[in-house]
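# Observations on the model geometry
What follows is the residue order along each chain.
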Amino acid sequence: MPETGDEGGNYAERIAANADAEKDAWGMTLEDMNAMADELESDGWNVVEVAATHTAPENKDAGDTDRFGFVYVIPDNHADDLREAVEAGTFPQYRVFRKEVSSRVFMLTQFLDPDTETVILLAGTYEMMHAPGLVKNAMDEDEMFSYVQTLDGTVHGTFRHDDYTKFFPNPEKYENYVVESPVGDHHEE
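Here's a quick rundown of the structure. (Residues numbered from 1 in each chain as written. Predicted model: local features only at pLDDT ≥ 70, side-chain atom pairs only at ≥ 80, totals over all residues. Heavy atoms only, no water.)

## Some remarks on the sheet that holds strand 4 (residues 93-101)
- Across the sheet, which stays open at both edges, the four strands sit in the order 1-6-5-4 with mixed pairing between neighbours. Looking at strand neighbours, the two that pair on one side only are strand 1 (46-51) and strand 4, the edges of this open sheet. Averaged over all neighbouring strand pairs, the angle between strand axes comes to 15°, with direction disregarded.
- In terms of strand pairing, strand 1 meets strand 6 (residues 118-127) through six bridges, oriented parallel. Directly across from Val-48, in strand 6, lies its bridge partner Ile-120.
- Along the sheet, helix 2 (residues 76-88) makes contact with strand 1, strand 5 (104-113) and strand 6, crossing strand 1 at roughly 135°. (Pairing = 2+ DSSP bridges. Helix = DSSP H or I, 4+ residues; strand = E, 2+ residues; numbered from the N terminus. Axes fitted to C-alpha atoms, helices over the stretch in contact; angles between N-to-C directions. Contact = heavy atoms within 4.5 Å.)

## Examining the sheet that holds strand 7 (residues 144-150)
- Spatially, the four strands line up as an open sheet ordered 2-3-7-8, and their pairing is mixed. The open sheet is flanked by strand 2 (54-58) and strand 8 (155-161), the only strands paired with a single partner. Here the average twist between neighbouring strands, direction ignored, is 15°.
- Pairing of strand 3 (residues 69-74) with strand 7 involves six bridges; the strand directions are parallel. Among the inter-strand pairings, Ile-74 is bridged to a residue of strand 7, identified as Thr-150.

## Remarks on helix 3 (residues 132-141)
- When we look at burial in helix 3, the residues that qualify are Leu-134, Val-135, Asn-137 and Ala-138. Seen end-on, helix 3 carries its buried residues on one side only, within an arc spanning 165°. Among the exposed residues of helix 3, those oriented more than 90 degrees off its buried face are Lys-136 and Asp-140.
- Its buried side turned inward, helix 3 meets strand 2, strand 3 and strand 7.
- Looking one or two residues beyond helix 3, the residue adopting positive phi is Asp-142, at roughly 60°. (Buried < 20%, exposed > 50% of the residue type's maximum accessible area, 1.4 Å probe, protein only. Arc of directions from axis to C-beta.)

## Comments concerning the pattern of salt bridges
- Within the structure shown, the criterion is met by eight salt bridges.
- Measuring nitrogen to oxygen at the nearest pair gives 2.5 Å for the salt bridge that ties Glu-58 to Arg-67.
- One salt bridge in this structure joins Lys-60 and Glu-141, with 2.7 Å as the shortest N-O distance. Residue Lys-60 is found in the loop between strand 2 and strand 3, and its partner Glu-141 is found in helix 3; the two are separated by 81 residues along the sequence.
- Relative accessible area serves as the criterion here: at 36%, Glu-141 is assigned to the partly exposed category.
- Connected via shared salt-bridge partners are Arg-98, Glu-100 and Lys-173. (Salt bridge = Lys/Arg side-chain N within 4 Å of Asp/Glu carboxyl O.)

## As for the pairing of strand 5
- With 10 of its 10 residues buried, strand 5 lies for the most part within the structure.
- Here strand 5 shows a buried face lined by Arg-104, Phe-106, Leu-108, Gln-110 and Leu-112 and a second buried face lined by Val-105, Met-107, Thr-109, Phe-111 and Asp-113.
- Here strand 4 runs beside strand 5; their pairing, made up of nine bridges, is antiparallel. In the strand pairing of strand 5, Tyr-94 is matched with Phe-111.
- Direction of pairing for strand 5 relative to strand 6: antiparallel, over a ladder of 10 bridges. Bridging across to strand 6, Leu-108 finds its partner in Ala-123.

Dropping the structure here:
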């Protein structure tokens, strides 16, 4: 039998435990979104809830454009409600709720438009190892963006954020982010 170099425990068990923890964290994120929606609706807000099927930190060096920010891919059946809300409001306020589990970040973002009393709740999750380029761009530009699109690339909403630290409370942590090896205790310095 080949050696796996896994002196610190069973690799497969650790991977399964991480998967369970991430699945639980995503479930809790969606539960928080639903509870938040109920509370906001009882306070008189019109609420649009969307759980992204994929979320990716995008930096200026990725792709053919120089856009940077989070790209949320949403299901087609939520696109019309989101687009209608975006077209009717300006969404000058936002709040970010986030939790790190293992190497993933689970976040729920509120986009608020007090004039129309509309709030968009957007849930997403991403791998921290993909964020350093975005963090650098956000620090350099002192702003960042969120792009909400469907799988075909149609953007249904773009939001500007003047405080990137709501998304990255400790931005310096991403400067030299290294993915820890699941096998053994090897770290790059």
